[in-house]
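Examination of the molecular architecture
Listed here are the chains, written in short residue letters.
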Amino acid sequence: MPNLTPAFALEETDLQEQVEQLEDYCVEIEVLYKLDDLYMAPGDIYLLYTSSTIEALKAEIANARETESKYPSVTAEEITNAKQAIENCVENLCIEKDELNFLIAVCKKENGTENNGYYSDEMWSGYSDLIDKATELLLSDTASDEEINNAYWELVFCFNEMCVSNKLVGDVDNNGTVDVSDVTLVQKAAVGNASLNASQRMAAANQEGDIDSITVANATAMQKYIVTSGTLDENQYFQVLEENLYSKDPYHFENNPFYLAGMVCRYYGYGNFDVYSKYLIQ
């Protein structure tokens, strides 16, 4: 699992510079996790963490600043320990239940509630198990913050993997080639006579295409490609997501266009939020 905290390492510098490095780190964490209204900008979209784990993080940042205030009597070891305590708190941050609930809604909205035959039985089974596990935890009165948090990230990683599971651009039916059957499927989807899951829409959209709105233009590009007078370029979102499949960054949802679209809709009401809310577990 990657190290998810901002890079920080005490350099071989004088004590004053080490104190300054620690303060820079404190501010970086405060900005990243929106720990103060000062760092909240209009229109910000951000994840919700449990109040207890956020307060613990704030407390360690306050402790770090208390350590800084001891300069010039502070030691390098105290500075290192203060930084480590903050890192530990970041690692222990737990997602709120509401975030898990919304993630489930996004997954169901994008992939449907049953496999349309596109995903392998193994992949769909593993995904369904994670959905069921997350749902049980949401309905439980005894689920711990840690269980909710683990369920959230397990489902995030699985959903990300599914979105980029097909590496062949244009292969919307996942039969290993781009042919007329793909064009036909996209044409049907464009007029509402077929539904495409997240991976299919990623495969159908051209480089600058809108993965949330597959149109006849996508089918036309595929037709040109088939007769060798055109090209199909990987969607702009594909590589970003593939490179960040297992990111726990607080803005990880920006890597997945489907999840980001849901978050924007959730925060600002763009589009029809009912398409997500109907999947929420009450």
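Definitions and limits used
By convention here, each chain's residues receive numbers from 1 onward along its written sequence. Side-chain atom pairs in this predicted model are given and counted only at pLDDT of 80 or more, local residue features only at pLDDT of at least 70, and totals for whole chains, interfaces and linings cover all residues. To obtain the side-chain values, all non-hydrogen atoms of the structure were included, while hydrogens and water were left out. A run of H or I in DSSP becomes a helix once it reaches four residues, and a run of E becomes a strand once it reaches two; helices and strands are each numbered from the N terminus. Only protein chains enter the area calculation, which uses a 1.4 Å probe; residues under 20% of their type maximum are buried, those over 50% are exposed, and those in between are partly exposed. The contact definition used throughout considers only heavy atoms, calling two residues in contact when any of these lie within 4.5 Å. In this description, accessible areas are obtained by the Shrake-Rupley approach with a 1.4 Å probe, and a residue is regarded as covered only by the protein chains that are shown. Under the counting rule used here, the positive set is Lys and Arg, the negative set is Asp and Glu, and His together with the chain ends is not counted. Charge coordinates come from a single atom per side chain, which is NZ of Lys, CZ of Arg, CG of Asp or CD of Glu. Axis geometry follows a simple rule: fit a line to the C-alpha atoms, using only the stretch in contact for helices, then measure angles between N-to-C directions, giving values from 0 to 180 degrees. A clockwise turn of the near helix away from the far one marks a right-handed crossing, whereas an anticlockwise turn of less than a right angle marks a left-handed crossing. Charged residues are taken to be Asp, Glu, Lys and Arg, nonpolar residues to be Ala, Val, Leu, Ile, Met, Phe, Trp, Tyr, Cys and Pro, and polar residues to be all remaining types, Gly included. Here the arc refers to the directions that run from the helix axis out to each C-beta atom.

Thoughts on the overall build of the protein chain
In terms of regular secondary structure, the protein chain is built from 12 helices and zero strands. Each helix (α) and strand (β) of the protein chain, taken in turn from the N terminus, gives the series α-α-α-α-α-α-α-α-α-α-α-α. With the principal axes as the frame, the protein chain shows a C-alpha extent of 75 × 45 × 35 Å. Going through the 282 residues of the protein chain one by one, you find that 44% of them count as buried. Nonlocal contacts in the protein chain, meaning residues at least 24 apart in sequence, comprise 73% of its contacts between residues at least 6 apart. By element, 47% of the accessible surface of the protein chain is carried by carbon and sulfur atoms, the whole surface being about 14,200 Å². Of the side chains in the protein chain, 16 bear a positive and 50 a negative charge, and the two mean positions are spaced by 7 Å.

Some details on the packing of helix α4 (residues 97-111) against helix α5 (residues 121-139)
Contact geometry of α4 with α5 gives a least axis separation of 10 Å together with a crossing angle of 145°. Relative to α5, the crossing made by α4 is left-handed. Contacts from Lys97, Leu100, Asn101, Ile104, Cys107, Lys108 and Asn111 of α4 reach α5 at Trp124, Tyr127, Ile131, Ala134, Thr135, Leu137 and Leu138. Broken down by class, the residue content of the contact of α4 with α5 amounts to nine nonpolar, three polar and two charged.

Observations regarding helix α7 (residues 180-190)
All of the buried residues along α7 are Asp182, Val183, Val186 and Ala189. In an axial view of α7, the angular spread of the buried residues amounts to 125°, which keeps them on one side of the axis. Buried positions along α7 lie against α8 (198-204) and α9 (216-226). Just beyond α7, the residue with positive phi is Gly192, at close to 85°.

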